[in-house]
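# Structural features, examined
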Amino acid sequence: MAMFGIFGSTKDMSTGRESASDKAARKDTEARAKRAASHRKAATKIDRKVNAEIDANRTAEKTGRRGRGWW
């Protein structure tokens, strides 16, 4: 178990507690990562919607009608 204290743990080895400033920094980093992931997800959703509209317009130009195929 002592080995886990060597790798990436911010806990003080003597008390077994994380300092308040370290905890605040960790929470801030986690919040920023979560926010960034949310923004990436929203951007992907918008990109897919725009691409679908572009594809629909291309299909409409090819067929002469919007979304009806060749008949």
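Heads up: these notes are all about the structure in this document.

Basis of the calculations
Residues numbered from 1 in each chain as written. Predicted model: local features only at pLDDT ≥ 70, side-chain atom pairs only at ≥ 80, totals over all residues. Heavy atoms only, no water. Helix = DSSP H or I, 4+ residues; strand = E, 2+ residues; numbered from the N terminus. Buried < 20%, exposed > 50% of the residue type's maximum accessible area, 1.4 Å probe, protein only. Areas by Shrake-Rupley, 256 points an atom, 1.4 Å probe, with all protein chains shown as cover. Salt bridge = Lys/Arg side-chain N within 4 Å of Asp/Glu carboxyl O. Patch = residues over 30% accessible without salt bridge, like charges linked within 9 Å, V, L, I, M, F, W, Y side chains within 5 Å.

## Observations regarding the overall build of the chain
- Looking only at helices and strands, one finds two helices and zero strands in the chain.
- Taken across its 71 residues, the chain has 1% of its residues classed as buried.
- Accessible area of the chain: about 6800 Å², with a carbon and sulfur share of 57%.

## Topic: the pattern of salt bridges
- Under the counting rule described, the total for this entry stands at four salt bridges.
- Between R26 and E30 there is a salt bridge, with the nearest N and O atoms lying 3.3 Å from each other. With R26 and E30 both in helix α2 (residues 20–63), this residue pair falls four residues apart, about one helical turn.
- We note a salt bridge from D28 to R32, for which the minimum N-O separation is 3.0 Å. Here R32 and D28 lie together in helix α2, a separation of four residues that amounts to about one turn.
- A relative accessible area of 36% means that D28 is categorised as partly exposed.

## Quick look at a nonpolar patch on the surface
- Together, I46, V50 and I54 make up an exposed nonpolar region whose accessible area comes to about 250 Å².
- Tracing the chain through its elements places V50 in helix α2.
- A relative accessible area of 40% means that V50 is categorised as partly exposed.

Purely geometric stuff here, so don't read any function into it on its own.
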